[in-house]
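# A closer look at the structure
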Amino acid sequence: MNPSSLFKAAVAGTGSYLPDKVLTNKDLENTLDTSDEWITTRTGIKERRIAADNESASTMAFEAGKKALSSARLEPEQVDMVIVCTSTPDVLFPSTACFVQKELGAVNSAAYDISAVCSGFVFGLSIAEQYLKTGRYDHILVIGSEANSRIVDWSDRSTCILFGDGAGAVLLKKTDQEEPVGILSSHIYSDGALTDLIVVPGGIGTTGVNKQDIDDNKYFIKMSGNATFKVAVKRMANVIQEALDFNEIKMEEVSLLLPHQANQRIVSAVAEKLNFPEEKIYMTIQKYGNTSAASIPIGIADAMEEGKIKPGDVSVLGVVGAGLTWGSAVIKW
Ligand code: ACO
């Protein structure tokens, strides 16, 4: 059972931003030895969004964050912390969050990035949860934002078909209300023994950005898809089950599963393992592909907009990403 804390961390606002440019599987057929049929049956993806030249992780994060603040009816000055979860920062430093903070006018916040790849948002949520539940802060903006199109090798059909760009944001607030609400739990894990599964291997701190690594396409995503698939199903199912057990919640009490959108078949395999009905799973992969750390907050914002999340509902988030990293969270709305 969840140990009692001084305060609760409730969701006060949500927002998402997707670039206008749509890249369909049919479009990819023109440049790659692939087919709409292969991509659809193997992944569930039909199309993905691609950032325009003047868009980046920070600009998309800003748009999503602005919407989350507006839906929470909060002024930027009231935000105590801006956490941007991204693996595609605008530059190596300063953090993407500092650019976002400036654009938002969140002048009273501490702003920083966290790097947990696809699991980033659940990690960020878990950090925010601790600050709010102890009463240290009142309002924390957690944003997942990715410009994945900038780090995929567009000649590698085994990876480039998977990824898309976008951002999602959640504004969390401290509350002292009695009944359970907000983030009921979060569980986050890493296994550095599996760094080779998904990696952008080009040297930065080791060798400095260097021509050899550029020529060898090492500043792009490399993935052992099959091995990752198997690990992802097992870890995601286990960490979701752990979240339910921790809160003493039965599967039937969950209104919506909001999983990371890496592959429709991963999500279906997880649902089968947990005996969870597919109709209670919120999917965006068909239209956005894998937006890495942005995928869960985009799902939350879109589900909210479609009226699929109502006060009192319980949702479970589950994710696996590079690192390996994985995690889950339970939210009562
Ligand atoms: N079009 C057509 N054929 C293709 C394509 C493509 N786009 N990509 C690969 N193929 C071929 C392969 O070359 C291979 O051909 P061969 O049998 O002649 O060698 C065949 O299709 C099967 O390839 P597999 O890699 O075995 O295909 P699989 O069914 O495993 O699907 C996929 C690949 C979609 C990548 C899957 O393994 C997957 O989703 N893995 C998990 C991804 C994931 O969860 N990542 C974690 C998050 S990402 C992050 O953290 C950044």
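What comes next is a walk through the structure. (Residues numbered from 1 in each chain as written. Predicted model: local features only at pLDDT ≥ 70, side-chain atom pairs only at ≥ 80, totals over all residues. Heavy atoms only, no water.)

### Topic: the overall build of the chain
Looking only at helices and strands, one finds 10 helices and 13 strands in the chain. A compact globule built from 333 residues should have a C-alpha radius of gyration of about 20 Å, and the chain, at 19 Å, falls within 12% of that. Each of the three principal axes of the chain carries a C-alpha extent, and together these read 55 × 45 × 35 Å. Counting over 333 residues, the chain shows a buried share of 56%. The long-range fraction of contacts in the chain, counting pairs at least 24 apart against all pairs at least 6 apart in sequence, stands at 76%. Accessible surface, the chain: about 14400 Å² in total, of which carbon and sulfur atoms supply 52%. (Helix = DSSP H or I, 4+ residues; strand = E, 2+ residues; numbered from the N terminus. Rg over C-alpha atoms; globule rule 2.2 N^0.38 Å. Buried < 20%, exposed > 50% of the residue type's maximum accessible area, 1.4 Å probe, protein only. Contact = heavy atoms within 4.5 Å. Areas by Shrake-Rupley, 256 points an atom, 1.4 Å probe, with all protein chains shown as cover.)

### Considerations on the environment of Ile-281
Mapped onto the elements of the fold, Ile-281 is located in the loop between helix H8 (264–274) and helix H9 (285–288). Sequence separation of Ile-281 and Ile-300 is 19 residues, and the distance between their C-alpha atoms is 12 Å. Those residues in contact with Ile-281, other than ones at most four positions away along the chain, are Leu-257, Pro-259, Val-267, Ala-271 and Phe-276.

### A closer look at helix H2 (residues 36–43)
Along H2, the residues that are buried comprise Asp-36, Ile-39 and Thr-43. Relative to the axis of H2, the buried residues are bounded by an arc of 80° and lie together on one face. Taken together, the buried residues of H2 touch helix H1 (25–29), strand S3 (47–50), H8 and H9. Trailing H2 by a residue or two, Gly-44 shows a phi angle of about 90°, which is positive. (Arc of directions from axis to C-beta.)

### Here's the deal with the packing of helix H7 (residues 225–247) against H8
Their axes nearest at 9 Å, the elements H7 and H8 cross at an angle of 45°. The orientation of H7 relative to H8 falls into the category oblique. Crossing handedness for the pair H7 and H8: right-handed. Contacts from Phe-229, Ala-232, Val-233, Met-236, Ala-237, Ile-240 and Gln-241 of H7 reach H8 at Arg-265, Ile-266, Ala-269, Val-270, Lys-273 and Leu-274. Class assignment of the residues belonging to the contact of H7 with H8 gives a composition of 10 nonpolar, 1 polar and 2 charged. (Axes fitted to C-alpha atoms, helices over the stretch in contact; angles between N-to-C directions. Parallel < 35°, antiparallel > 145°, perpendicular 65-115°, else oblique. Left-handed = near helix turned anticlockwise from the far one by under 90°. Nonpolar A, V, L, I, M, F, W, Y, C, P; charged D, E, K, R; others polar.)

### Focus: the pattern of salt bridges
Overall, the coordinates contain 11 salt bridges when judged by the stated rule. Lys-102 is the partner of Glu-103 in a salt bridge, and the nearest nitrogen-oxygen pair spans 3.3 Å. Accessibility expressed as a relative area gives 47% for Glu-103, which makes it partly exposed. In this structure Lys-102 comes out as exposed when scored by relative accessible area, which is 63%. The salt bridge involving Asp-138 is made with Lys-174; its shortest N-O contact spans 2.9 Å. One end of the pair, Asp-138, is in the loop between helix H5 (120–133) and strand S6 (139–147); the other, Lys-174, is in strand S7 (residues 165–175), with 36 residues separating them in the sequence. Residue classification places Asp-138 among the partly exposed residues on the basis of a relative accessible area of 35%. (Salt bridge = Lys/Arg side-chain N within 4 Å of Asp/Glu carboxyl O.)

### Some words on empty space enclosed by the protein
All chains considered together, the criterion is met by 1 cavity of 30 Å³ or more. Size it by volume and the largest cavity reaches roughly 30 Å³. What lines the largest cavity is simply Ile-240, Met-251, Val-254, Leu-257, Leu-274, Phe-276 and Val-316. (1 Å grid on protein atoms, 1.4 Å probe; cavity = no way out; pocket = protein on both sides within 12 Å on 5 of 7 lines; lining within 4 Å. Points joined across faces, edges and corners; volume = space filled by probe spheres on them.)

### So, the site of the ligand
In the region of the ligand, 26 residues are neighbours, and Thr-34, Arg-42, Cys-118, Asn-226 and Asn-263 sit closest. Contact distances for the ligand include 2.7 Å between an oxygen atom and a side-chain N or O atom of Arg-42. Contacts to the ligand include Asn-263, whose side-chain N or O atom sits 2.6 Å from an oxygen atom. Isolated, the ligand exposes 1000 Å² of accessible area, and the fraction of that covered by the protein chains is 75%. Among the secondary structure elements, those contributing two or more residues to the shell around the ligand are H2, H7, H8 and strand S12 (314–321). (Near = heavy atom within 4 Å. Polar contact = N/O pair within 3.5 Å; in protein donor to acceptor, adjacent residues only side chain to side chain.)

### Examining the packing of aromatic side chains
Counted according to the given criterion, the structure contains 2 aromatic pairs. Here the aromatic rings of Tyr-131 and Tyr-137 are separated by 5.3 Å at their centres, their planes lie at 40°, and the arrangement is tilted. Aromatic side chains Tyr-189 and Trp-326 sit 5.7 Å apart centroid to centroid with 25° between the ring planes, which places their arrangement in the stacked category. Here the residue Tyr-189 occupies a position in strand S8 (residues 182–190), and Trp-326 occupies one in strand S13 (residues 325–332), the gap between them amounting to 137 residues. Looking at Trp-326, the relative accessible area reads 12%, which means it is buried. (Phe/Tyr/Trp six-rings, centres within 6.5 Å; stacked < 30°, edge-to-face > 60°.)

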